[in-house]
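Here are the chains, one letter per residue:
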2 protein chains.
Amino acid sequence: MNLAIPKILKLEDLSLVEQLTAKINNKTKPLGSLGQLESLAVKIGNILGTTTPCLTQPQLVVYAADHGIVKQGVSAFPSDVTWQMVQNFLADGAAVSVLARQHDVSLTVVDCGVKHVFEAHPRLIVKKLGDGTADSSCTVAMSVEVCQQAVQNGIEIVRALPGNVLILGEMGIGNTSAASLLFSKLSGIDIEQCTGAGTGLDSDAVIHKTKILRQALEFHHTVPDDKPLEVLAATGGFEIATMVGSLLEAAASRRVILVDGFIVSAALLVASRIDSSVLDYCVFAHRSGERGHTILLDHLKGVPLLDLGLRLGEGSGAMIAWPLLQSACVILNEMASFEAAGVSRESVS
Amino acid sequence: MNLAIPKILKLEDLSLVEQLTAKINNKTKPLGSLGQLESLAVKIGNILGTTTPCLTQPQLVVYAADHGIVKQGVSAFPSDVTWQMVQNFLADGAAVSVLARQHDVSLTVVDCGVKHVFEAHPRLIVKKLGDGTADSSCTVAMSVEVCQQAVQNGIEIVRALPGNVLILGEMGIGNTSAASLLFSKLSGIDIEQCTGAGTGLDSDAVIHKTKILRQALEFHHTVPDDKPLEVLAATGGFEIATMVGSLLEAAASRRVILVDGFIVSAALLVASRIDSSVLDYCVFAHRSGERGHTILLDHLKGVPLLDLGLRLGEGSGAMIAWPLLQSACVILNEMASFEAAGVSRESVS
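Residues numbered from 1 in each chain as written. Chains lettered and ligands numbered in written order. Predicted model: local features only at pLDDT ≥ 70, side-chain atom pairs only at ≥ 80, totals over all residues. Heavy atoms only, no water.

Description of the sheet that holds strand 4 (residues 165-171) of chain A
Residues and elements named next belong to chain A.
Okay, step 1: Overall, parallel pairing links the six strands, which are arranged 3-2-1-4-5-6 in an open sheet. The open sheet has two edge strands, strand 3 (124-126) and strand 6 (282-284), and neither has a second partner. Across this sheet, the average inter-strand angle for adjacent strands is 25 degrees, counted without regard to direction.
Okay, step 2: Across the sheet, helix 2 (residues 35-48) lies against strand 5 (256-259) and strand 6, angled at about 155 degrees from strand 6, the strand it touches most. (Pairing = 2+ DSSP bridges. Helix = DSSP H or I, 4+ residues; strand = E, 2+ residues; numbered from the N terminus. Axes fitted to C-alpha atoms, helices over the stretch in contact; angles between N-to-C directions. Contact = heavy atoms within 4.5 Å.)

A look at the pairing of strand 2 (residues 106-113) of chain A
All names here are of chain A.
Okay, step 1: Of all eight residues making up strand 2, seven are buried, and the element is well covered by its neighbours.
Okay, step 2: One ladder, built from seven bridges, connects strand 1 (residues 59-65) with strand 2; its direction is parallel. Among the inter-strand pairings, Ala 65 is bridged to a residue of strand 2, identified as Gly 113.
Okay, step 3: Relative to strand 3, strand 2 runs parallel, the two sharing three bridges. (Buried < 20%, exposed > 50% of the residue type's maximum accessible area, 1.4 Å probe, protein only.)

Observations concerning the domain arrangement of chain A
Residues and elements named next belong to chain A.
Okay, step 1: Looking at chain A, the domain boundaries give domain 1 (14-54 + 330-348) and domain 2 (59-323).
Okay, step 2: Here the C-alpha centroids of domain 1 and domain 2 sit 34 Å apart.
Okay, step 3: Taken together, the nine residues of domain 1 in the interface contact twelve residues of domain 2.
Okay, step 4: Between domain 1 and domain 2 the total buried area reaches about 820 Å² when both faces are included, carbon and sulfur atoms providing 60% of it.
Okay, step 5: Its largest share of buried area at the contact with domain 2, domain 1 owes to Gln 36, Lys 43 and Ile 47, together 59% of the area lost on that side. (Domains from an automatic or database assignment. Buried area = accessible area lost by both parts, 1.4 Å probe.)

Points about the sheet that holds strand 1 (residues 59-65) of chain B
All names here are of chain B.
Okay, step 1: Pairing is parallel across the open sheet formed by six strands, whose spatial order is 3-2-1-4-5-6. Each end of this open sheet is capped by a strand with a single partner; those strands are strand 3 (124-126) and strand 6 (282-284). The average undirected angle you get between the axes of adjacent strands in this sheet is 25 degrees.
Okay, step 2: Helix 10 (residues 238-252) rests against strand 1, strand 2 (106-113), strand 4 (165-171) and strand 5 (256-259) of the sheet, and its axis sits at about 175 degrees to strand 4.

Overview of helix 13 (residues 316-334) of chain B
All names here are of chain B.
Okay, step 1: For helix 13, with 19 residues, the first-to-last C-alpha span of 28 Å sits near the 27 Å given by 1.5 Å per residue.
Okay, step 2: For helix 13, the principal kink sits at Trp 322 and spans about 30 degrees; a proline, Pro 323, occurs within the next four residues.
Okay, step 3: Burial analysis of helix 13 places 16 of its 19 residues in the buried class, the great majority of the element. (Expected span 1.5 Å × (residues − 1). Bend = angle between axes of the 7 residues up to and from the residue.)

Some thoughts on the relation of the copies chain B and chain A
Okay, step 1: The two copies are related by a screw operation: chain B maps onto chain A through 180 degrees of rotation and 0.0 Å of translation along the axis, at an RMSD of 0.0 Å. Taken together, these values place the two copies in the relation of a two-fold axis. Of every C-alpha in chain B, the one belonging to Leu 306 of chain B sits nearest the axis of rotation, 3.2 Å from it.
Okay, step 2: Most of the interface of chain B is mirrored in chain A, where 100% of its interface residues again form contacts. (Least-squares fit on C-alpha atoms with pLDDT ≥ 70 in both.)

Quick notes on the interface of chain B and chain A
Okay, step 1: Contacts between the two partners involve 62 residues from chain B, matched on the other side by 62 residues from chain A.
Okay, step 2: Roughly 4600 Å² of surface becomes buried between chain B and chain A when both sides are summed, with 62% attributable to carbon and sulfur atoms.
Okay, step 3: At the boundary of chain B with chain A, the tally comes to two salt bridges.
Okay, step 4: One salt bridge in this structure joins Glu 334 of chain B and Arg 101 of chain A, with 2.8 Å as the shortest N-O distance.
Okay, step 5: Between chain B and chain A we count 18 residue pairs in polar contact (both at pLDDT 80 or more) in total.
Okay, step 6: Every element with two or more residues in the side of chain B that touches chain A is listed here: helix 2 (35-48), helix 3 (80-90), helix 4 (95-102), helix 13 and helix 14 (338-341) of chain B.
Okay, step 7: Here the side of chain B that touches chain A gets nine residues from one element, more than from any other, and that element is helix 13 of chain B.
Okay, step 8: Residues that form the side of chain B that touches chain A fall into these classes: 31 nonpolar, 21 polar and ten charged. (Salt bridge = Lys/Arg side-chain N within 4 Å of Asp/Glu carboxyl O. Polar contact = N/O pair within 3.5 Å; in protein donor to acceptor, adjacent residues only side chain to side chain. Nonpolar A, V, L, I, M, F, W, Y, C, P; charged D, E, K, R; others polar.)

In structure tokens:
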């Protein structure tokens, strides 16, 4: 297929950053005293191209798919949990469901390739590329053509969504394995450092998982590290590939992208290898408890807002961090300046 | 005066903690995967005495007062900023004003001893104990009788407030000096480790501030470290003393207490020396960028939710963290169990 990657504006114009910084510095508070919330406000303003940013119609999209590598015993939960959790999302019972409702954020689930046939649901988009990927430990998870189709699907999903914020979550038993493979292959960092307990493996099971992933990397050693879509086709998964397209389109349409944990960060790593400008549009919600996320964040130069030991995925960390983005905007838009409030400035030092 | 410290129930019954933990462990998510949000949910449930905690009518109270020690050049801002910021709070222009509005939290300001006469305002409580404290570097900031009155005021303020959550903030140019003195005197930790830049002193000015505070400690060296109210009377301030009473009453009336930054933590340290059970009721919103807060948190065994380099005070960090408390409750109350959602449990490890 002929995949057209959307064009992303690189945010190189520093004059808006200067205007945003000056605006914050003139608010009634000591200089810099709102710490990371100030840089967040500048970032959001810069992404949206205004000194009065307003986050509108935030869209939480949860991308779901199954992974063939699960048959190698790399997950604490059976593959069936993927479709069961999709139903749980749609029935408003999952963590991310109740958190999205708390913040009145719209939740859409995408079936990117779950081994299950779902009944139609107004909040379910079906973009199924198969009944789960093939087992990436001994074959390619999908063909490059299917991988391109997944990216195209991701682009189209975001194009159809309103608002100026994309919040990404995922569900897929086995997808920490795919994310670890992607991270190791694209970064050159040893698979052991990239591999964690996922949904809750014990230390012996993590050793087994690492062994399987090392075999997978050996099997795919001829795949060139500088061909992100070929690497992605080799490792899977369908949901990660679909997210890659959504990330690129969200940046191209100048939305704020709220990045959840390890899996979404791995999708972002792939997207950034296609166009590094995508990173300009990303806010990192949290540092996950999943081993590998800290070095992946470092690799992406991402500074997370939260560090609460979350390791659930689904977009749950992103939803917990979401009100902080709103706080950054109200500070920028609603706080009084020194002049307006008649407050004196620093007198000493 | 005859100060009656309210009686606080020590939360020693572990059966409720076990019930809360079991309830969370049965939610549709890997065990422990919501990290610190899970312990927060258990804590809130335990404080409110129920497995279905609901946070009602949260009250943000900002305690304001002036400090005589400011004349020694310990702050980057002039004392006038205290009253100017009180007016900014009431005019909805300060950081904490816009954050409280974002979350629909009621904001009350208490004039505990600001050097200014305010016009009446429906959200201003006047419990003035003087036009600022005396200069604690060379005299007691207030008498023990006035200090007791301040504590009594704090008790009465909370008694009159509805809801089951107290969120504390403060405003008082010079109050990091009082907080540093309290912390050093009550803990025995050297004043240098307890002293930071406050509203934004440069390094030379911090050295000067530390020198003044060391003089103050020498002046008050005969005040016994195990008499918290005598120490508090020596150092001030009026707002910290009033907060001590409010903290004790909030715990006694079994409210969730959301602790902001360095100053509120110093008030809590004093309260905990009167009755250590108060700590059972506290949630620590954030680790402040103010030097000394990290060791003060360690001293109080407080694990903060956020670590964003905030150092504004006013209750701003508490307001930014507030939605995380609500998230903890929705997870406990609204998420489906494995049984209810028909989701399979762990199969491996």
